[in-house]
Every structure is written in C-alpha cells, then in structure tokens.
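# Chains, contacts and geometry: an overview
Chain by chain, the residues run as shown.
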Amino acid sequence: MAEVHVVGSIAQGEDFDEPSLLCKWSIVTDDGRADNKRWTLLEGFASGQTQVDVMPRGEPCVWSYPLDLHYSTTALQGWPKFHCEVWSQDSHGRNSLAGYGFCYIPSSPGTYELKVCTWRPKPQSWLEYVSAFFLGAYPQLKDSDLIWRQDDRYRLSTFASGVVVLRISVITLGFEKHGIQYSSTSS
Amino acid sequence: MATSSAMLDRNAAPPSTFELHVTGQVESGSFAGDDNLYCNILVHHGIDWQVVAGMEEGVTQVASISPGSDSRVVWNFPLELTFKSTNVYGWPQIVLTVHGTDFLNRDVIRGYGSVHIPVVPGAHEVEVPMFRPLSVGRLPRAMAQMLTCLPQSSLLQQFIGWIHATPAGSARDVLHSCPSYVTAVVVEYIDPKRPALPTGREVTRVRTSGTVVLKLNVVVRNMKQLGYSIPVSSNLKVYQ
C-alpha cells in the first residue's frame, strides 16, 4: 500500500477571452470505474468549485484555491487525473462555458507548475454561431466525462481556450519500498 | 531544545513524527493605489499537525508607500515556526489578511490570501495573490443598475460608495465599469481562515486586489526516515 499526497493550489486562469471566471474541478481516479477500485481518497476534497473572480477581460483571473489530497493506492494504474470546467459569470449571475481541460497529477515527487490548456466545443451550425456571438451561449458537453475519457472524441470539433494554472507539490509514501524508481532530482 | 538533543542521539528509536521548520519574513505588499496597510498573519493546519515553536498569529505595523516610489509597502515582518506532524495531509498554510484605513480612518479589508508553506526544503520567494470578496447582495446590485441608467450620476455613485465605506481612489475600481464601482461594497469573511479552506467558495465573488511577497526558508526533518519521498530540488518544473 503506497500513499500519494497532493498539496498546492489552483492558482489562476490565463488567456481567457471572457471576464469573471470560475472553475469547477474534480479529480478522477481508476478511470472513473467503480469496479476494480485501487485508489482510495483517505482525506481531503476531490472536487469543488472556486469563487468567481470578477476581473476585467484579458487579465489573469486569480482563484488561489487550496488543494490538499491524500490518496492510498495498490497500483500505478488509474493514476489521478485533474479535470476542470471554466465558466464565465455575467453580471446577472448567468454562467456560460469558457473551457474544459484535464491533466494528470505528476507521478514523481516534486513541485510543479502545471498549465492545463483548455478547449470548448465549436458551434455546430450557423445559428449556433450567431447565438454564441451575441449571447455567449457556447455549446456544452452533455457528458462531462468526455473531458478526461479516451473514447468518443473524434466527432467533436473544438476551439482553443485559455490556460488553467495549477501549482502543486506531490509527495509519495512507500513507493520506493515497492521498487518504484524516481529520477535523481527527488529522493 | 528537545529536538537538538534527539538529533545528537544516534541510537534513538526510529522517528514517529516529522518536523517542518520555517523561517522567513512577510516582506512587502503591492496594492494599486492603496496606502497605510497592515497585514494579519495566521497559520492554518490540519488536525494531525502541531505547532511546536513559534507564534501562530501575528500583526504587522501599519506601512505606507514611501514618497516617490512604486506602490509597494514594506512590512519586513519576521516569521519563525516549527511544526510537528504524522501526516502530510493538512500541510500548513499561511493566511494573510491585509487591512487598510479609508479617509475616515475606518478599518477596511484590502485583501485576503493564502498559500501553502513550500514542500521543497530551501529558500523560496512566494508571491501570494490577494483578493477581496465582493458583496452579492441584491440591494447594492439593484442600486447599481438603477444608477447606471441615470446620466451624470458619478457624484451620487461616489456618495453611495462612501456610505458603503468604499473609498474612491483605487485605480482598479475606477477602471472598472460603473456597477462594480458602486457594488464594490467592502465585505469581510466571518471566518478569517476562509481563504485557506476549499469549502464554501462557490458562493463568493471576489476581485484581485494585489500581491504580498513572502520570503521563506524551509527545513524538513525525518520525512525520509518515515518513508516519504519529497522533492529535493527547488526549481519549479513547468509542464505544458
């Protein structure tokens, strides 16, 4: 049994075109499968939502959302994946989609600045283009699992969106006892 | 100190706890246009953690921007803390609350921020982004919407901002559109440790207000003996 700690923060969002952003995030282990479960969340929150940072268009949006997770695992497979949805909130409290993104939690101990590139679905028709332009109502995924799943992406056409920055440190316990080797920068 | 005698005793039993030792300072803060600021320092940690030495709370002096310089206030406030724990979960965070005074000498919040103490041993310069919660009340927003319909209402808006203890002056506030100028009512968190907690955030709206720079030196003891693999290099790896 080995353990993984993730300590850090969802620092900010950059290069988004929309103002007033929030980030809804969660961490998936075991590829979301309930059978053959090898990862257990011992402590901490594996999902959440940041506050809305009311910032002018084009400026980085600071969330500074604390992350602190403690997992135990029996295998390397199903390594935790961070995924997020970034939404833009207008002055009436309406949310519109700004981007989807995911990244793996790094597998060796270290302090990392992870830049999660995000994307959003392209409007499918001319009418959707018009409504997206005027109302900001971009199409959304019906099933948000597609953000981190390997299957069923080929029919999707997307735009690039902004970048979500994570600053996290990974600490492991008992991996070396099981023969796991890390590069020389970590001990 | 008990720890130093234990360090010398080579035949001691294997450790059951690890220690984290932090020294450093709360160096400075930059808040566009805001002056006369002081900073409240709190430490938030998990239940398995214990502060062995040092103060968990501190308040800096009131610092002003020196004439002719940039918008930086210097506190240079010392920090020294030793923690003991059996569990990495609940890694300590430093919670900063910056207060200022408005032109009526009332205490107003200029920003909240929090940061985990770096996990990597070594010297670190940490820039903590600070934010200020915004009011989500219906009345200020309704008022703002009403006011934006009125032509030449800037005096009235200023008056309402004044009533709500929002001093006119911050460049960021002025650059922003009218409604936010009016609705930028100063609100405070009830729990001062709220910036360190992940829960309850979805109901708040905030605005970035500035940054605070911390200089921290981190020493970790006995983590390797307990089986933890922690990073030893302090260079931040960037992956894209």
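Position numbers for residues count from 1 along each chain, tracking the sequence in the order it is written. Labels follow written order: the first chain is A, the first ligand is 1, and so on. Totals for whole chains, interfaces and linings use every residue, but because this is a predicted model, local features are given only for residues with pLDDT of at least 70 and side-chain atom pairs only at 80 or more, for both listing and counting. To obtain the side-chain values, all non-hydrogen atoms of the structure were included, while hydrogens and water were left out.

## Some remarks on the overall build of chain A
Secondary structure follows DSSP: runs of H or I at least 4 residues long count as helices, runs of E at least 2 residues long count as strands, and numbering of each begins at the N terminus. Each helix and strand in chain A was counted, giving one helix and ten strands. Reading chain A from its N terminus to its C terminus gives the helix and strand order β-β-β-β-β-β-β-β-β-α-β. Viewed in the frame of its principal axes, chain A has a C-alpha envelope of about 60 × 35 × 30 Å. Burial status across chain A gives 54% buried among its 187 residues. Methods summary: accessible areas were calculated by the Shrake-Rupley approach with a probe of 1.4 Å, and residue burial reflects only the protein chains presented. Per element, the accessible surface of chain A, about 8,600 Å² overall, is 51% carbon and sulfur. Residues scored as positive are Lys and Arg, those scored as negative are Asp and Glu, and His as well as the terminal groups of each chain are ignored. In this description, the location of a charge corresponds to atom NZ of lysine, CZ of arginine, CG of aspartate or CD of glutamate. Of the side-chain charges in chain A, 16 are positive and 21 negative, and the distance between the mean point of each set is 5 Å. For every residue, the accessible area (1.4 Å probe, protein chains only) is compared with the maximum for its type, and the residue is labelled buried under 20%, exposed over 50%, or partly exposed between those bounds.

## As for the interface of chain A and chain B
By definition in these notes, contact holds between two residues if any of their heavy atoms fall within 4.5 Å. Chain A puts 46 residues into the contact, and the matching count from chain B is 46 residues. A simple way to read buried area is as the amount of 1.4 Å-probe accessible surface that goes missing from two parts once joined, with both sides added. Taking both partners together, chain A and chain B bury about 4,000 Å²; carbon and sulfur atoms supply 56% of that area. A carboxyl oxygen of Asp or Glu within 4 Å of a side-chain nitrogen of Lys or Arg is what we treat as a salt bridge. Here chain A and chain B share zero salt bridges between them. We define a polar contact as two N or O atoms separated by no more than 3.5 Å, with the added condition that, inside protein, one atom must be a possible hydrogen donor and the other a possible acceptor, whereas residues neighbouring each other in sequence contribute only through side-chain atom pairs. Counting the contacts that link chain A with chain B gives 16 residue pairs in polar contact (both at pLDDT 80 or more). Counting residues per element, the ones that place at least two in the side of chain A that touches chain B are β1 (2-14), β5 (52-53), β6 (61-73), β9 (110-121) and β10 (158-173) of chain A. At nine residues, the largest contribution of residues to the side of chain A that touches chain B is made by β6(A).

## Points about the confidence of the model for chain A
The predictor attaches a confidence to each residue, and that confidence, scored 0 to 100, is pLDDT. For chain A, per-residue confidence averages 87 on the pLDDT scale, and 97% of positions sit at 70 or higher. Mean pLDDT values for the elements of chain A range from 81 in helix α1 (residues 126-135) of chain A up to 94 in strand β2 (residues 21-28) of chain A.

## Some thoughts on the packing of aromatic side chains
Residues and elements named next belong to chain B. Classification of ring pairs uses Phe, Tyr and Trp, with its six-membered ring standing for Trp, and accepts pairs whose centres are within 6.5 Å; under 30 degrees between planes counts as stacked, over 60 as edge-to-face, and the remaining range as tilted. The full count for this structure, using the stated rule, is twelve aromatic pairs over all chains. Measuring from ring centre to ring centre gives 5.3 Å for Trp49 and Trp91, while their planes differ by 75 degrees; the resulting arrangement is edge-to-face. Of the two residues, Trp49 sits in strand β3 (residues 49-54) while Trp91 sits in the loop between β5 (72-85) and β6 (93-101), which places them 42 residues apart along the sequence. Judged by centre distance (4.6 Å) and plane angle (50 degrees), the ring pair of Tyr112 and Tyr189 falls under tilted. Taken together, the residues span a long stretch of sequence, with Tyr112 in strand β7 (residues 107-116) and Tyr189 in the loop between α5 (178-183) and β9 (205-221) at a distance of 77 residues. For the residue pair Tyr112 and Tyr189, the accessibility class agrees, reading buried in each case. Joined through ring pairs, the aromatic side chains of Phe18, Trp49, Phe83, Trp91 and Tyr228 make up one cluster.

## Focus on the side chain of Thr29(A)
As for its position among the elements, Thr29(A) is in the loop between β2 and β3 (39-43). Beyond its immediate chain neighbours, meaning those up to four positions away, Thr29(A) contacts Lys37(A), Trp39(A), Tyr71(A), Gly78(A) and Pro80(A).

## Digging into the pattern of salt bridges
Taken as a whole and assessed by the stated rule, the structure comprises eleven salt bridges over all chains. Between Asp31(A) and Lys81(A) there is a salt bridge whose closest N-O contact spans 2.9 Å. Within this pair, whereas Asp31(A) is found in the loop between β2 and β3, its partner Lys81(A) is found in strand β7 (residues 81-89), the two being separated by 50 residues in sequence. The residue Glu125(B) makes a salt bridge to Lys215(B) at a minimum N-O spacing of 3.8 Å. A residue pair is termed long-range when its members are at least 10 positions apart, and Glu125(B) in strand β8 (residues 122-134) and Lys215(B) in strand β9 qualify at 90 residues. The exposure class of Lys215(B) is partly exposed, given its relative accessible area of 28%. The network of salt bridges with common partners includes Asp30(A), Lys37(A) and Arg38(A).

## Focus on the pairing of β9(B)
Along β9(B), 13 of the 17 residues are buried, which leaves the element largely enclosed by surrounding structure. Should DSSP find at least two bridges between two strands, the strands are regarded as paired. For β5(A) and β9(B), the ladder comprises two bridges, and the chain directions are parallel. Paired with Asp53(A) across the strands is Val206(B), a residue of β9(B). With 13 bridges connecting them, β8(B) and β9(B) associate as antiparallel partners. Residue Val126(B) lies in a different strand from β9(B), and its bridge partner there is Leu214(B).

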